[in-house]
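# A closer look at the structure
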Amino acid sequence: MIAPGAAQGIRTETARAAAGTAVSFNILQQARQLVYDALGIAVAIVMLFPIYWMVATAFKPGQDILRLDPKWFPNPITLQNFQDAIARPFFLDDVKNSLIIVGVMLVLALAISFFAAVGTARFGFRGRTAYLVMIIAVQMVPLNALIIPLYLMLDGVGQTDTLAGVIAVYLAVVLPFMVWTLRGFVANIPPELEESAMIDGCTRFGAFIRITFPLIGPGLVATAIFGFIQAWNEYIVAYVLLSSPENQTLTVWLASFTTNHGPEWGPLMAAATLTGLPVVAFFLILQRYLAGGLTAGAVKG
Amino acid sequence: MGVAITAPELEPVSRRPGPLRTALFPYALIAPSILMIAGILAFPLAMLIWLSLQHYGLKELIQHSGEWVGLQNYQAIIADPLFHQVILRSLIFTFTCVGLTLVFSTLIALLLLKVRQLVRVIVMSSLVFVWATPVIVSVDIWQWMFDYEFGVINYLLTQLHVGNFIHHNWFDNPVQGLAVLVIVVVWGAIPFVTITLFAGLLQVPSDVLDAAQVDGASAWHTFWFVTAPMLKPIFLIVICLSTIWDFGVFNQIYVMLNQRPSSDYFTIAIYSYRESFGVTQYGLGAAIAVIMVIILVFVTFFYVRETVKVAEIA
Amino acid sequence: MRFRKAWFGVLFTAFAVLATACGGSGTGTPTEESGTLTVWLMNGSAPQAVIDSVNADFTAKYPKVNVKVEIQQWGDIGTKLDTAFAGSTPPDVVELGNTLVAKYAAAGALEDITSKKSSFDNSGTWLQSLTDSCTVSGKLYCVPYYAGSRAIIYRKDFFDAAGVQAPTSMDDLLTVGQKLMAAHKSDPNFSALYFPGKYWYAALPFVWDFGGDIATQSGGKWTGSLNSDNSQQGLNKLLSIVGPLSKADKTGDEAKQDAAFAQGHIAMIIANGWEVGVITDPKAGNPALKDKLGAFPIPSHNSGQTAPVFLGGSDLGVAAKSKHVNLANEWVAMLTGQKHMTDMATVGGVIPNTTSLLSLGTGLNAVFFNAAKNSRFVPNSQNWAAVESANVLPDMLVKIFTKQQSVADATSAASNRITTILNGGG
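Let me begin by describing the structure that accompanies this report. What you see is a predicted model, and the numbers here were worked out from it, not measured in a lab.

Before going further, it helps to examine the overall build of chain B. A tally of regular secondary structure across chain B gives 14 helices and two strands. Taking all 314 residues of chain B together, 58% fall into the buried category. Just so you have it, chain B exposes about 13,700 Å², and 68% of that area is on carbon and sulfur atoms.

Structure follows, in structure tokens:
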């Protein structure tokens, strides 16, 4: 049920089979594919149901939102919640700030973690084990416990209420995971590939950039999405560090839909839908690199 | 995508880095990461430990000077009977979540290899959308779905004649309530683990699997003896991370229970919050955080050691 | 020689620092004052029009001062306030929920303004509970800002159809409720009085009405008194009313009650004045209910009287570490002054901080404004915030409503907990 090359395997069998059974094998194969596809769709539906509920609610007028007999489809559909959400003061500033923070952080994080991943996957050096253990251990500390010290430290260097301060904190939080994960992906690439490239005239460093980097495409995509989401949805650090409304991020904007009167369900769901869209867009752009890794799996020494 | 191997040429000597440069090269590679991580986190971590040894309330925080109490905070926590209950509950909760997440994620990742391109994009996009939704918002939705009177779940279960679930309160019974919370946590955890495992599966060379298939291995056999061992580093990573994250689950429980969870629902993160930030006793809160890290180190010890061992081989 | 020069340098710097620190910003004439005044207000407290008006007046008086009003979110505000006060640049003016103030005042975060009390408008007629919330150890640390009180919102059409009128006593309330339940027998979701289990703000009037209280203080020591005979009597009365009349979640809180009310299966809820707006809001509720809503005060068990209600609300404080203490106080004085307080009441619809303006409540608001005259507060201790975050009251109520414990046992446990926490224990 598993192997990626199973389709190939089956085709080989089909070629060997007698002409008469070739047709039924084909139908079997198609039926199997249909079952898998149906299962896949089922998974998507089950996972997406709460999200569907969120998006549907975003289009419902207030009265239809909390009902004893739920309305499956928004009817009437209204865009009022979205208009409400976008009309909030500083919305565009928040979008801009979130994009800047996430963009800068992601570029730096991918670069730094790639180098560190290569360094620990390809080389043995003194202190390597200690470094790896440090990387893992740091992730066990709950971020909530560090907020006060982080704030006081940044306050001491005047970096509260700055995007740079937030980017630095996010980088430090996200790097351990990215290094650790990418190390695993790099380790799976045989070093012979780099060595071949070096024989062809590449420097060590060049080999890493030109050979290894593309081959760990899927790993990069997964960690990039992870980093994006961590930074995009992070609330408490952004809220505590950033006080001027011009500097705040979308997560603070999202929080503003919950007043002391409770959440404003319609606009909140609309806002949440809008907040999730850039991540999905980011993924859709990158996902072909994920599939591109399919060929990477076929690398022969 | 084969790599052509041409006749070996001798590298010009000037291109080869000298022995010192070679030795320093790995350190140069990891230097930026150390700088960033240590630069930002070293002081706060040190302060966390220092805080845990003090009586540090709001007044002390504002005046930047605490009262040294040594290990008193730790003693107070360990002596609290509630604490032991909380640890046990957290461990059971964590293992359940991690176990279920792994099983479902592996199955879905394997399924992703078999579906056609379009379906794969659909499934992965939906996973990403789930992953991308801020936890607080998605838990709001789940809370709503399990609501006592307006909940879709109660409505559906009654409509499907599974029983009478009108006005059924899912959180009356802590075991049932925690089961609901497990569903919410696992649902949120599946996307990341699935996508990471899938990325790893893509790196498994298909010729190795072909060989196993030709040899007549069953699907289960192929997975357990061929695929899984190749994915070992990735499995180690996701298990370790899932354990760390699920151990620290806070938002799901806090929001599901209207920010007022009763002590039957306390996991260590909630307990930490209530004992420290809730009553602004930062010394206590720091001590609990330190204890949390120590417990995590013990729990993940096996996996960490395996990971580092695997790293050595590589 | 070098040493002495260095010492002079140190002394001079110290002197300069002291001079600027002590001098604050009240030395020049108003038009000369400059700098940035940072004000933190909570999301949803003051209407933008009122804030703009205050800033206009303030800028007219201090043209060189830049006022930055930053709206804060309720989520995790505690952590944000803690870090802000701990850091070097706290906001100059800060709005604090009235149950949180004592904690910050006792920790030294706020400026002691006891001596400046008379410089604020209406300080003689400030709402007592709000003033109490600002007072720690006899000193005043903030200025009452606005209040919220509760009464019973009801469906006039349901009442008319069942032939009942607004009750004037608790027993009457039960009778009215039972008639409503009978009139809606066919609706399994109908509640005459919708009362979520954890709604402690709405449970307290019953406790207070019978003479009970959360805790009493004598000689600096607090004693929880929810287990007193009076308190228990009040809770038993509440139980006897809510039991037959409410289908609400016994373990839930009041967050969804407005949306639930808008669905049309509820006759009465105990609610704040602003909840009328939420119920009829086209985005969140049912605008068609606008003319069908009425309000009456929570009746006492003594016929013709009303029960004391919990007074919610906010106060405005000035940070002790602020570099513009005098300017900050001026800004606070303007927002809480006669002119803008009137706007808060008329435009914002919130209860103003002084009894002299309570007559400004119109329509349904009048009921809530009047209820504020008979209002009580939680024990005025810096540790009260800890009682709230330990959920003592909601947990106690849930145990009582779900019949897990008797009123006697639940109140006894809660009282002990409160005694411990208020006196500084865990």
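Residues and elements named next belong to chain A. In contact at an axis separation of 12 Å, helix α5 (residues 91–122) and helix α10 (residues 204–215) are set at 100° when each is read in the N-to-C sense. The angle between the axes of α5 and α10 places the two elements in the roughly perpendicular class. Across the interface between the two elements, F114, F115, V118 and R122 of α5 pack against F205, F208, I209, T212 and F213 of α10. Partitioning the contact of α5 with α10 into residue classes produces seven nonpolar, one polar and one charged.

Before going further, it helps to spend a moment on the sheet that holds strand β2 (residues 65–72) of chain C. Residue and element names in this part refer to chain C. Taken in spatial order, the six strands of this open sheet run β2-β1-β3-β14-β6-β15, and their pairing is mixed. Two strands lie at the open edges of the sheet, namely β2 and β15 (351–352), each paired on one side alone. As paired strands, strand β6 (residues 142–148) and strand β14 (residues 312–318) are joined by six bridges and run antiparallel to one another. From the neighbouring strand, G148 faces β14, where its bridge partner is G312. Across the face of the sheet, helix α3 (residues 77–86) comes into contact with β1 (35–42), β2 and β3 (93–97) while running at roughly 155° to β1.

Moving on, we come to the state of the cysteines. Residue and element names in this part refer to chain C. Applying the stated rule across the entire model yields one disulfide over all chains. At a sulfur-sulfur separation of 2.0 Å, the disulfide partner of C134 is C142. Taking the sign of the S-S torsion, about -110° here, the bridge from C134 to C142 comes out left-handed. Like C134, the residue C142 is buried in the burial classification.

Within the largest apolar cluster, 283 residues are counted, with the highest numbers of intra-cluster contacts made by B:M256 and C:W331. Here B:M256 is in contact with B:V139, B:W142, B:Q143, B:F146, B:F171, B:V180, B:L181, B:V184 and B:N251, once residues within four sequence places are set aside. Judged by nonpolar contacts, the second largest core, of 61 residues, contains C:F195, C:Y201, C:L235 and C:A410.

Turning to the interface of chain B and chain A, a few remarks are in order. Between chain B and chain A, the residue contacts involve 107 residues of the former and 116 residues of the latter. Counting across the interface, chain B meets chain A through six residue pairs in polar contact (both at pLDDT 80 or more). Considering every element that reaches the side of chain B that touches chain A, the biggest residue donor is helix α1 (residues 19–52) of chain B, with 18 residues. Within the side of chain B that touches chain A, the residues separate by chemical class into 81 nonpolar, 15 polar and eleven charged.

Moving on to the packing of aromatic side chains. For any two aromatic rings, the description comes down to two numbers: the centre-to-centre distance and the angle of the planes. Per the stated rule, a full pass over the model turns up 50 aromatic pairs over all chains. Arranged with centres 5.7 Å apart and planes meeting at 85°, the rings of A:F123 and B:F25 form a pair that is edge-to-face. Residue A:F123 is found in the loop between α5 and α6 (128–138), and its partner B:F25 is found in helix α1; the two belong to separate chains. A residue is classified by how much of its surface remains accessible, and A:F123, at 11% relative accessible area, is buried. Geometrically, the ring pair formed by C:F310 and C:F377 is stacked, given 6.2 Å between the ring centres and 25° between the ring planes. One end of the pair, C:F310, is in strand β13 (residues 309–310); the other, C:F377, is in the loop between β16 (375–376) and α15 (384–389), with 67 residues separating them in the sequence. What links up through ring pairs into an aromatic cluster is the set A:F114, A:F115, A:F123, A:F205, A:F208, A:F213 and B:F25. Directly above the ring of A:W53 sits A:K60, whose terminal nitrogen or CZ lies 4.4 Å from the centroid.

Moving on, we come to the interface of chain A and chain C. Between chain A and chain C, the residue contacts involve 33 residues of the former and 31 residues of the latter. Our enumeration of links across chain A and chain C arrives at eight residue pairs in polar contact (both at pLDDT 80 or more). Of all the secondary-structure elements, those providing two or more residues to the side of chain A that touches chain C are α3 (62–65), α4 (80–86), α7 (143–156), α12 (236–241), α13 (250–255), β1 (258–259) and α14 (265–296) of chain A. Ranked by residues supplied to the side of chain A that touches chain C, first place goes to α7(A) with five residues. In terms of residue class, the side of chain A that touches chain C is built from 18 nonpolar, eleven polar and four charged.

Residue and element names in this part refer to chain C. The end-to-end C-alpha distance of helix α7 (residues 170–183) is 20 Å, a good match for the 20 Å that 14 residues give at a rise of 1.5 Å each. Listed as buried for α7 are M170, L173, V176, G177, L180 and M181. Viewed end-on, α7 has its buried residues packed into an arc of 140°, placing them on one side of the element. The elements touched by buried residues of α7 are β7 (150–155), α6 (156–162), β8 (191–194), α8 (200–209), α9 (229–245) and β11 (266–272).

Among the structural elements, A:D37 can be located in helix α2 (residues 19–58). Given a relative accessible area of 6%, A:D37 falls into the buried group. When neighbours within four sequence positions are excluded, A:D37 is seen to be in contact with B:V115, B:R116 and B:V119.

Bringing helix α8 (residues 163–188) of chain A into the picture now. Residue and element names in this part refer to chain A. Between the first and last C-alpha of α8 there are 36 Å, a value that for 26 residues agrees with the 38 Å anticipated at 1.5 Å per step. Where α8 bends most, at V174, the angle is about 35°, and the proline P176 comes one to four residues later. Counting buried positions along α8 yields 22 of 26 residues, so the element is predominantly enclosed.

Moving on, we come to the sheet that holds strand β12 (residues 293–296) of chain C. Within a beta sheet, neighbouring strands are joined by backbone hydrogen bonds and run either parallel or antiparallel to one another. Residue and element names in this part refer to chain C. Sheet architecture is open: four strands sit in the order β8-β11-β7-β12, paired in mixed fashion. A strand with exactly one partner marks an edge of an open sheet, and here the two such strands are β8 and β12. When strand polarity is set aside, the average angle formed by the axes of neighbouring strands in this sheet is 25°. As paired strands, β8 and β11 are joined by three bridges and run parallel to one another. Across the sheet, the residue bridging to L193 is M268, located in β11. Running at roughly 20° to β12, helix α14 (residues 364–371) makes contact with β7, β11 and β12 of the sheet.

Residue and element names in this part refer to chain C. Within the secondary structure, L239 sits in helix α9. The buried category is assigned to L239, whose relative accessible area is 18%. Separated by 177 residues in the primary sequence, L239 and Y62 place their C-alpha atoms 56 Å from one another. Here L239 is in contact with P244, I400, F401 and V407, once residues within four sequence places are set aside.

This brings us to the pairing of β11(C). Within a regular beta strand, the side chains point alternately toward one face of the sheet and then the other, so they alternate between its two faces. Residues and elements named next belong to chain C. In terms of burial, β11 is a largely internal element, seven of the seven residues being buried. Here β7 pairs with β11 via five bridges, running antiparallel. Bridge pairing in β11 places I152 opposite I270.

Right, let's get into unusual backbone geometry. At the junction of A:N75 and A:P76, the peptide bond is cis and its omega measures out at 15° in the coordinates. With respect to the helices and strands, the residue A:P76 is situated in the loop between α3 and α4. A positive phi angle is found at B:H161, which is not glycine, with a value near 60°. Mapped onto the secondary structure, B:H161 falls in the loop between α7 (152–159) and α8 (174–202). The phi dihedral of C:N122 is positive, around 60°, even though this residue is not glycine. Topologically, C:N122 is positioned in the loop between α4 (101–106) and α5 (128–134).

All names here are of chain A. At a closest axis distance of 7 Å, the pairing of α5 and α8 adopts a crossing angle of 35°. Read as a crossing pair, α5 and α8 show a hand that is right-handed. Tallied by class, residues from the contact of α5 with α8 come to 25 nonpolar, three polar and two charged.

Conventions adopted
Residues numbered from 1 in each chain as written. Chains lettered and ligands numbered in written order. Predicted model: local features only at pLDDT ≥ 70, side-chain atom pairs only at ≥ 80, totals over all residues. Heavy atoms only, no water. Helix = DSSP H or I, 4+ residues; strand = E, 2+ residues; numbered from the N terminus. Buried < 20%, exposed > 50% of the residue type's maximum accessible area, 1.4 Å probe, protein only. Areas by Shrake-Rupley, 256 points an atom, 1.4 Å probe, with all protein chains shown as cover. Axes fitted to C-alpha atoms, helices over the stretch in contact; angles between N-to-C directions. Parallel < 35°, antiparallel > 145°, perpendicular 65-115°, else oblique. Contact = heavy atoms within 4.5 Å. Nonpolar A, V, L, I, M, F, W, Y, C, P; charged D, E, K, R; others polar. Pairing = 2+ DSSP bridges. Disulfide = S-S within 2.5 Å. Core = buried A, V, L, I, M, F, W, Y, C linked by side-chain atoms within 4.5 Å. Polar contact = N/O pair within 3.5 Å; in protein donor to acceptor, adjacent residues only side chain to side chain. Phe/Tyr/Trp six-rings, centres within 6.5 Å; stacked < 30°, edge-to-face > 60°. Lys NZ or Arg CZ within 6 Å of the ring centre and 35° of its normal. Expected span 1.5 Å × (residues − 1). Arc of directions from axis to C-beta. Bend = angle between axes of the 7 residues up to and from the residue. Left-handed = near helix turned anticlockwise from the far one by under 90°.

These results come straight from atomic positions and should not be treated as a statement about function.
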